[in-house]
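One letter stands for each residue in the lines below.
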Amino acid sequence: MLDRSMTASILDRRTLRFLDPDLERAYQQETIDQVRRETLVVGPISIVLWLIAGVLLPTFTPIPASVSTPIVVFMAVVLLVATIPIRRMRNLDDLTRIVVPLNLLTAAAILTLAAQAGQFERYAGPAILLQSIFIVIGARRFVLALVLLSIEAVLLASVALVIGVLGTYVVDLFLVVSTLALTVGITYVLETAARTGWYQSRLIATLHAQVDRLFHQYLSPDVAAALLADPGRSELGGESVDVSVLFVDLQGFTAYAERTSPDAVVRLLNDYFDAVVPIVFAEGGTIVQFAGDALMAIFNAPVRQADHAVHASRAALAIQTAVDSIAARDTTLPRFRAGVNTGPAVVGNIGGREMRNFTAIGDTINLAARLQTFAEPGTVVVGETTYAGIAGIARVHLLGTPQLKGKSDPIAVYQLLGLDLASAAAPEADA
């Protein structure tokens, strides 16, 4: 909760308006929207209550129907007409211009009926007190409530004086005025609480938005969404899942960095990755790490994808196309080599209790890295398992069956030339 010093720093203690004009406008807009919604409910109820009063007053009070009916009908029409400007108001000043005359007319009607009943002392006080409750609810501002309640207190005393009951009514009048004063105090407290509560909710929402934005900037959207939906998924450990892994790395980056200023190197990396990241996300991939000039992404975790080999391969091709437009401005710029491999891996949170990272571990990952080093700059290389998943739509060139580092058996390696998603027949690989 906000303490008094914080409340004093955001509110004018006399008017209870926010010191920041932007905050005041935002609060008023939300308040006006709420008043409009409440009008749809309170307005018809008030009209119905007045009409019921028109039926009951001649029966249970000495007020003749010839007096009560015109007053009741008049108030029903006034309340009905008042809904039009209420729905069109733009700020609390507009609300003031509507509420002041509306409540004064209502108070005048109540006091007139009480006087006509011949028992002003009995009916006027409770009726005005009941009216004050509606003022507290409808005024929305301490100053407005203070003005309205003060006018109604004076109006009550004036009518009592005119009809000659002020002397016998002085005790009841004192009680009414005291109650109105208490209502003013309650209004002040309620509006202070409403405004500080609104400000606190707005502040918390802003902080949550900032944290959420930072959270999503440091984690892939799918990982962030999974953790927010189920915080238990942040625990250390993982599960075995078939994934497609994409590795991209800049060939010639070390030499480029040696002859280029650090600022220019960082700008190049940011330009490249600014083009790469949306492509991976568009294909449903999860970026698990940036390592200098390299990027690793997995598909089929944490969100499952039945055709993850297709998504990973399509992302790799799109990355090379996107980088082409950037590298075209300077032929000496380094280019990405891309490798894609498919197979089982343990996917989950690796690290310690104080810090951890969502990643994938296993031979499938290692082989994807080896395939990437086998690729030429600007090309995509895929392994046997990935080719098996895209064979029906892939155009490839067989690069051979080299003995890759860390593998005991030779593995067929393919350069991915393109994907034909409309093709149903599996083309033969170029020998």
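Throughout this description, residue numbers start from 1 for each chain and increase along the sequence as written. Residue-level local features of this predicted model are given only where pLDDT is at least 70; pairs of side-chain atoms are given and counted only at 80 or more, and the full residue set underlies all totals for whole chains, interfaces and linings. Values shown for side chains rest on all heavy atoms present in the structure; no hydrogens or waters enter the calculation.

1. Some thoughts on the overall build of the protein
Okay, so step 1: Along its length, the protein carries 13 helices and 8 strands.
Okay, so step 2: Between buried and exposed lies partly exposed: a residue is buried under 20% and exposed over 50% of the maximum accessible area for its type, with that area taken using a 1.4 Å probe on protein chains only. Split into buried and exposed, the 431 residues of the protein put 44% on the buried side.
Okay, so step 3: Taking as baseline every contact in the protein between residues at least 6 positions apart, the subset at least 24 positions apart corresponds to 70%.
Okay, so step 4: Computed with the Shrake-Rupley method and a 1.4 Å probe, the accessible areas treat only the protein chains shown as cover for residues. Accessible surface, the protein as shown: approximately 22,200 Å² in total, 62% of it carbon and sulfur. Helix and strand definitions follow DSSP, with helices as H or I runs of at least four residues and strands as E runs of at least two, each counted in order from the N terminus. Contacts are assigned to residue pairs that have any heavy atoms within 4.5 Å of one another.

2. Here we look at the packing of aromatic side chains
Okay, so step 1: Working definition: rings of Phe, Tyr and Trp (its six-membered ring) pair if their centres are within 6.5 Å, and the pair is stacked with planes under 30 degrees apart, edge-to-face with planes over 60 apart, and tilted otherwise. For the coordinates displayed, the defined rule picks out 8 aromatic pairs.
Okay, so step 2: When the ring of tyrosine 272 is compared with that of phenylalanine 336, the centres are 5.5 Å apart and the planes differ by 45 degrees; the resulting orientation is tilted. Here phenylalanine 336 lies in strand 4 (residues 335–351) and tyrosine 272 lies in helix 10 (residues 262–282), a separation of 64 residues in the sequence. The pair formed by tyrosine 272 and phenylalanine 336 is uniform in burial state, with each residue classed as buried.

3. Observations concerning the confidence of the model for the protein
If pLDDT is low for a region, its predicted coordinates should not be looked at in detail.
Okay, so step 1: Summary of the metric used: pLDDT quantifies the predictor's per-residue confidence within the range 0 to 100. Per-chain confidence: the protein averages 79 in pLDDT, with 74% of residues scoring 70 or above.
Okay, so step 2: Ranking the elements of the protein by mean pLDDT puts helix 5 (residues 120–139) last, at 60, and strand 6 (residues 380–382) first, at 95.
Okay, so step 3: Every residue in residues 423–431 scores below 50 in pLDDT, and together they form 18 contacts with partners more than four places removed in sequence or on other chains.

4. Some points on unusual backbone geometry
Okay, so step 1: The omega angle of the peptide bond from alanine 301 to proline 302 is 0 degrees, so this bond is cis rather than trans.
Okay, so step 2: With respect to the helices, strands and loops of the structure, proline 302 is situated in the loop between strand 3 (294–299) and helix 11 (308–327).

5. Focus: the packing of helix 2 (residues 21–60) against helix 3 (residues 65–88)
Okay, so step 1: Contact geometry of helix 2 with helix 3 gives a least axis separation of 9 Å together with a crossing angle of 175 degrees. As the angle between them shows, helix 2 and helix 3 are arranged roughly antiparallel. Touching Val35, Arg36, Thr39, Leu40, Ser46, Ile47, Trp50, Leu51, Ala53, Gly54, Leu57 and Pro58 of helix 2 are Ala65, Ser68, Val72, Met75, Ala76, Leu79, Leu80, Thr83, Ile86, Arg87 and Arg88, all from helix 3.
Okay, so step 2: Polarity classes work like this: nonpolar for Ala, Val, Leu, Ile, Met, Phe, Trp, Tyr, Cys and Pro, charged for Asp, Glu, Lys and Arg, and polar for all others, with Gly in that last group. Taken together, the residues that form the contact of helix 2 with helix 3 break down as 15 nonpolar, 5 polar and 3 charged. Comment: axis = line fitted to C-alpha atoms, over the contacting stretch for helices; angle = value between 0 and 180 degrees taken between N-to-C directions. Geometric relationships in this document are graded by angle, where less than 35 degrees denotes roughly parallel, more than 145 denotes roughly antiparallel, 65 to 115 denotes roughly perpendicular, and other angles denote oblique.

6. Looking at helix 10
Okay, so step 1: Between its terminal C-alpha atoms helix 10 stretches 30 Å, which fits the 30 Å expected from 21 residues at 1.5 Å a residue.
Okay, so step 2: Where helix 10 terminates, the next one or two residues include glycine 284, which has phi positive at roughly 80 degrees. A helix is expected to reach a length of 1.5 Å times the quantity of its residues less one.

7. Digging into the pattern of salt bridges
Okay, so step 1: Any Lys or Arg side-chain nitrogen located within 4 Å of an Asp or Glu carboxyl oxygen qualifies as a salt bridge. Tallying each qualifying case throughout the model produces 9 salt bridges.
Okay, so step 2: With a closest N to O distance of 3.7 Å, arginine 90 and aspartate 94 form a salt bridge.
Okay, so step 3: Classification of aspartate 94 by relative accessible area gives buried; the value is 11%.
Okay, so step 4: Taking the shortest distance from any N to any O, the salt bridge between glutamate 239 and arginine 304 comes out at 3.1 Å.

8. Quick look at the packing of helix 3 against helix 4 (residues 92–116)
Okay, so step 1: Closest axis-to-axis distance for the helix 3/helix 4 pair is 11 Å, and the angle between their directions is 170 degrees. It follows that helix 3 is roughly antiparallel to helix 4 by the angle criterion. On the side of helix 3, the interface is formed by Val67, Ser68, Ile71, Phe74, Met75, Val78, Leu79, Ala82, Pro85 and Ile86, while helix 4 contributes Ile98, Leu102, Leu105, Thr106, Ala109, Thr112, Leu113 and Gln116.
Okay, so step 2: The residue inventory of the contact of helix 3 with helix 4, partitioned by class, reads 14 nonpolar, 4 polar and no charged.

9. What about the nonpolar core?
The tendency in soluble globular proteins is for nonpolar side chains to be buried side by side.
Okay, so step 1: Buried residues of nine kinds, namely Ala, Val, Leu, Ile, Met, Phe, Trp, Tyr and Cys, make up a nonpolar core once their side-chain atoms join them within 4.5 Å. Formed by 44 residues in total, the largest nonpolar core has its most connected members in Leu246, Tyr272, Ile319, Phe336, Ile390 and Leu416.
Okay, so step 2: A total of 10 residues in this core trace back to one element, the largest contributor, which is helix 11.
Okay, so step 3: Contacts of tyrosine 272, omitting those with residues within four sequence positions, involve Leu250, Val323, Ile326, Ala327, Leu333, Pro334 and Phe336.
Okay, so step 4: Residues Ile63, Met75, Ala82 and Ile110 belong to the second largest nonpolar core, which totals 16 residues.

10. Notes on the side chain of glutamine 305
Okay, so step 1: As for its placement among the helices and strands, glutamine 305 is situated in the loop between strand 3 and helix 11.
Okay, so step 2: What makes glutamine 305 buried here is its relative accessible area of 12%.
Okay, so step 3: In this view, glutamine 305 contacts Glu283, Gly284, Phe299, Asn300 and His311; residues no more than four positions away in its chain are not counted.

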